[in-house]
Amino acid sequence: MVKFSAYSLMISSFTPFHSIIVKNPRRFSINIPYNYSTKSRIISSYTQNAQIHTEDEMVSRRYLPPLFSVAPMMDQTNNHYRTLARLISKHAWLYTEMHSAETIVYQKGNLHKFLAYSPEQHPIVLQIGGSNLENLGKATELANAYHYDEINFNCGCPSSKVAGHGCFGARLMLDPKFVGEAMSVIAANTNVPVSVKCRIGVDDHDSYNELCDFIYKVSSLSPTRHFIIHSRKALLNGISPADNRRIPPLKYEYYYALLRDFPDLKFTINGGINSVVEVNAALREGAHGVMVGRAAYHNPWQTLGHVDTAIYGAPSSGLTRREILERYQEYGDSVLEGNGNDRPNIREVAKPLLHFFYSEPRNGLWKRKADSAFQHCTTIKSFFEETLMEIPDSVLDSPIAGVPSGREDLFANVHDLLPSPYDARKQEALYA
């Protein structure tokens, strides 16, 4: 048994319970209307669905808990990347790209394009975004057919298309009452756990107390018991999403203070964590779970390759890069052989592989060869035949070895920096 601060893991008990993708939506005995306009309806739906969520949470524990998860990233954590990620790590929790509720609702005749995935990708979380309660409810119900393990609501994206013209994402942190209502609507239309991904603040609304007010209100108004905290605030003044991941300072002390002040909730830390060494450093200091984004995408072999052994304590699979690529070839060519207008091109299918040899000898030459091969190759098999000759056999045939470097002391002094405790009694008086 591997023990962490919030979970105990029985490695031998891992038994995924999904084996097929069911295309017909499930119907539940409780059918909550989409239009929530009063607090009483929200609390009523919360109470009615409490038993459903409790039962589902018991089922979902058949998976190892989300000690490590891969962040949702637009245009990156699609089916192709998630297939590669699951070939490398069996236990990491995977997230979809964010799908807007409107897209799901208006494309309900073509949902397979957006929501379908292979059963091997479990455990997997669907992230949705939006600011229309009715569409959030409808989108959640439509997603039931695909048996995701959790539904996550995006309250952290700072993109001007999302937080600006879209009026959702990080901007929703300024309206915790609406987020509480939205989470109740989402929870009322699914029987899997729900969660929120957010920043630690927005623009000048960046105090620890304001973050706590958000957490308190959302968790009080809905069944939400899991929050993924990106430990930077969001700047909505027009800077790019990339700058929003770089310019606002990281404040890990806010995350660890939330663990102290909300002991009945679960929190996953996100932001600036780039290796399993740093993931384990966060867990040692008490983190419930850790979410990694760009490092898992831009260096998947070295990042995901150590997750199962170094974080979950599972035995090594012993797989080499060549064996991973052979399995990915089967997937890729089956996708490219598909029919219809939604069939991807070879560049789209092979895109996640472009970082597979990160920092290895001849990686740059291989990428240039790959770019040329995209112009005429029609299968992953032919793509590999033309390009993999550039990668040394010693790289292709060696299993993952050693643990990559990382900042073991990243969180060493974090408990000395915690802000003053949050006084929830003031909020309780407002809701009395």
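Residues numbered from 1 in each chain as written. Predicted model: local features only at pLDDT ≥ 70, side-chain atom pairs only at ≥ 80, totals over all residues. Heavy atoms only, no water.

1. Examining the overall build of the chain
If you tally the helices and strands in the chain, you get 20 helices and 10 strands. Across the 432 residues in the chain, those meeting the buried criterion constitute 54%. For the chain, restricting intrachain contacts to residue pairs at least 6 apart in sequence, the fraction spanning at least 24 positions comes to 77%. (Helix = DSSP H or I, 4+ residues; strand = E, 2+ residues; numbered from the N terminus. Buried < 20%, exposed > 50% of the residue type's maximum accessible area, 1.4 Å probe, protein only. Contact = heavy atoms within 4.5 Å.)

2. So, the sheet that holds strand E8 (residues 226–230)
Read once around its circumference, the closed barrel built from eight strands follows the order E3-E4-E5-E6-E7-E8-E9-E10, with strand pairing classed as parallel. Averaged over all pairs of adjacent strands, the angle between their axes in this sheet comes to 25 degrees, without regard to strand direction. Contacting E8, strand E9 (266–270) and strand E10 (289–292), helix H10 (residues 252–261) crosses the sheet at an angle of about 170 degrees to E9. (Pairing = 2+ DSSP bridges. Axes fitted to C-alpha atoms, helices over the stretch in contact; angles between N-to-C directions.)

3. Here we look at the nonpolar core
Among the nonpolar cores identified, the biggest contains 125 residues, and Phe68, Phe153, Phe214, Ile215, Phe267, Ile269 and Phe383 are the most heavily contacted of them. Once residues lying within four places of it in the same chain are set aside, the contact partners of Phe383 are Ile346, Ala350, Trp366, Ala370, Ala373, Phe374 and Cys377. (Core = buried A, V, L, I, M, F, W, Y, C linked by side-chain atoms within 4.5 Å.)

4. A closer look at the pattern of salt bridges
It is possible for side chains bearing opposite charge to pair when their charged atoms get close. Applying the stated criterion across every chain, the model contains 12 salt bridges. Here Asp397 makes a salt bridge to Arg322, at a shortest N to O gap of 2.6 Å. In this pair, Asp397 sits in the loop between helix H19 (393–396) and helix H20 (424–431) while Arg322 sits in helix H15 (residues 321–336), placing the two residues 75 residues apart along the sequence. Counted as one network, the salt bridges with shared partners bring together Arg322, Asp393 and Asp397. (Salt bridge = Lys/Arg side-chain N within 4 Å of Asp/Glu carboxyl O.)

5. Some points on the packing of H15 against helix H18 (residues 380–387)
A pair of packed helices is characterised by two quantities: the angle between their axes and the separation of those axes. Packing of H15 against H18 brings their axes to within 8 Å, and their N-to-C directions diverge by 135 degrees. Relative to H18, H15 is oriented oblique. Between H15, through Leu325, Gln329, Gly332, Asp333 and Leu336, and H18, the contact on the second element is made entirely by Ile380, Lys381 and Phe384. For the contact of H15 with H18, the per-class residue count stands at four nonpolar, two polar and two charged. (Parallel < 35°, antiparallel > 145°, perpendicular 65-115°, else oblique. Nonpolar A, V, L, I, M, F, W, Y, C, P; charged D, E, K, R; others polar.)

6. Focus on the environment of Met74
Relative to the elements of secondary structure, Met74 occurs in the loop between strand E3 (68–70) and helix H2 (79–88). The spacing of Met74 and Glu97 is 23 residues in sequence and 5.0 Å in space, taken between C-alpha atoms. If we ignore the near neighbours within four places in the chain, the residues touching Met74 are Glu97 and Met98.

7. Section: the packing of helix H7 (residues 176–188) against helix H8 (residues 208–221)
Remark: H7 packs on H8, axes separated minimally by 8 Å, with the N-to-C direction vectors making an angle of 35 degrees. The crossing of H7 and H8 is right-handed. Two secondary-structure elements touch here, H7 through Pro176, Lys177, Val179, Gly180, Met183 and Ser184 and H8 through Phe214, Lys217, Val218 and Leu221. Of the residues contributing to the contact of H7 with H8, the split by class is six nonpolar, two polar and two charged. (Left-handed = near helix turned anticlockwise from the far one by under 90°.)

8. Some words on the packing of aromatic side chains
If you walk through the whole model with that rule in mind, you get 17 aromatic pairs. Judged by centre distance (5.7 Å) and plane angle (80 degrees), the rings of Trp301 and Phe356 are edge-to-face. Here Trp301, found in helix H13 (residues 300–304), pairs with Phe356, found in the loop between helix H16 (346–350) and helix H17 (363–373); they are 55 residues apart in sequence, far enough to count as distant. The exposure class assigned to Trp301 is buried, which follows from its relative accessible area of 4%. Taking the relative accessible area as the measure of exposure, Phe356 reaches 1% and is therefore buried. Clustering of aromatic rings is evident, with ring pairs tying together Trp301, Phe356, Phe357, Trp366, Phe374, Phe383 and Phe384. The cationic tip of Arg321 hangs over the ring face of Phe356; the distance from NZ or CZ to the ring centre is 5.7 Å. (Phe/Tyr/Trp six-rings, centres within 6.5 Å; stacked < 30°, edge-to-face > 60°. Lys NZ or Arg CZ within 6 Å of the ring centre and 35° of its normal.)

9. Describing H18
By the burial criterion, the buried members of H18 are Ile380, Phe383, Phe384 and Thr387. The buried residues of H18 occupy an angular sector of 95 degrees when projected down its axis, which confines them to one face. Turning to H18, the residues buried within the fold contact H15, H16 and H17. (Arc of directions from axis to C-beta.)

10. Some details on the confidence of the model for the chain
Averaged over every residue, the pLDDT of the chain is 85; residues scoring 70 or more account for 82%. Low pLDDT, under 50, characterises residues 1–60; the stretch is placed with 123 contacts to residues that sit more than four places away or in other chains. (pLDDT = per-residue confidence, 0-100.)

11. A word on the pairing of E9
With respect to burial, E9 is a largely interior element, four of its five residues being buried. Examined bridge by bridge, E8 and E9 share five bridges and lie parallel to one another. Each bridged residue has a counterpart across the sheet, and for His230 the counterpart in E9 is Asn270. Handedness of the E9-helix H11 (residues 276–284)-E10 crossover: right-handed. (Right-handed = clockwise from strand over helix to strand, strands pointing away.)

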